[in-house]
Amino acid sequence: MSVPESQRGESKAEFLNSAYDLHVMTIKLCMKMDKRLTLLLKQEICHWAAECHAHAKAANSVFPRNLMDAQKRRDHLTEANCAVQALYSLLDVAKGLNQVTATKVTENELTEWLDLASAEAKLLAAVKENDLKRYKDLPPGPM
């Protein structure tokens, strides 16, 4: 039996779906940008979106049974967050180069893109905070 829409909450793995959505949107919008900037900017923007998605997926695949595993998961979440921050910087550069609003990428698409990146950063921070509470009583070493 499914849960009514009004009673649904946010999934604990929403950071993974959000990272995927960010990756897909980044590829779609980069394809609209000027082709001359492929090597200088677009590749790097796509790289950081892919990096965020990869680290989110890697963090989700770690099942902590001890503090070392929990730290490994936290490291992946931190790397995913670093990738989102790098993506922010590059989107700012693209906007500064007039590559976002002067091409086929609209202001609304840019806003949605930045909102999705912001949401991903918040989700990653929330997962890290939850993990601190959840895994504090794990044994220290490998089992």
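Quick note: structure is the one above.
Residues numbered from 1 in each chain as written. Predicted model: local features only at pLDDT ≥ 70, side-chain atom pairs only at ≥ 80, totals over all residues. Heavy atoms only, no water.

Draft legend 1. Fine view of the side chain of lysine 128. Relative to the assigned elements, lysine 128 resides in helix H4 (residues 107–134). Aspartate 75 is the oppositely charged side chain nearest to the buried, salt-bridge-free lysine 128, at an N-O distance of 8.1 Å. Leave out the neighbours within four places in its chain, and lysine 128 touches Arg74, Leu77 and Thr78. (Helix = DSSP H or I, 4+ residues; strand = E, 2+ residues; numbered from the N terminus. Buried < 20%, exposed > 50% of the residue type's maximum accessible area, 1.4 Å probe, protein only. Lys, Arg positive; Asp, Glu negative; His and termini not counted. Salt bridge = Lys/Arg side-chain N within 4 Å of Asp/Glu carboxyl O. Contact = heavy atoms within 4.5 Å.)

Draft legend 2. Focus on the side chain of aspartate 34. In this structure, aspartate 34 sits in the loop between helix H1 (14–30) and helix H2 (38–61). For aspartate 34, a relative accessible area of 18% translates into the label buried. At a separation of 2.6 Å, a polar atom in the side chain of aspartate 34 contacts the side chain of arginine 36. (Polar contact = N/O pair within 3.5 Å; in protein donor to acceptor, adjacent residues only side chain to side chain.)

Draft legend 3. Representation of the environment of alanine 50. Examined against the element boundaries, alanine 50 turns out to sit in helix H2. Separated by 34 residues in sequence, alanine 50 and valine 84 place their C-alpha atoms 9.9 Å apart.

Draft legend 4. Quick peek at the packing of H1 against H2. Contact geometry for H1 and H2: axes closest at 9 Å, N-to-C directions at 165°. On the basis of the axis angle, H1 is roughly antiparallel to H2. Two packed elements cross with a definite hand, and for H1 against H2 that hand is left-handed. Packed against H1, whose contacting residues are Phe15, Leu16, Ala19, Tyr20, Leu22, His23, Thr26, Ile27 and Cys30, the element H2 presents Lys42, Ile45, Cys46, Ala49, Ala50, Cys52, His53, Ala56, Lys57 and Asn60 at the interface. Split by residue class, the contact of H1 with H2 holds 13 nonpolar, 4 polar and 2 charged. (Axes fitted to C-alpha atoms, helices over the stretch in contact; angles between N-to-C directions. Parallel < 35°, antiparallel > 145°, perpendicular 65-115°, else oblique. Left-handed = near helix turned anticlockwise from the far one by under 90°. Nonpolar A, V, L, I, M, F, W, Y, C, P; charged D, E, K, R; others polar.)

Draft legend 5. Representation of the packing of H2 against helix H3 (residues 67–96) within the structure. One can describe the packing of H2 onto H3 by two numbers: an axis separation of 8 Å at closest approach and a directional angle of 160°. Here H2 lies roughly antiparallel to H3, going by the angle between them. Between H2 and H3 lies a crossing of left-handed hand. Of the residues contributing to the contact of H2 with H3, the split by class is 18 nonpolar, 3 polar and 4 charged.

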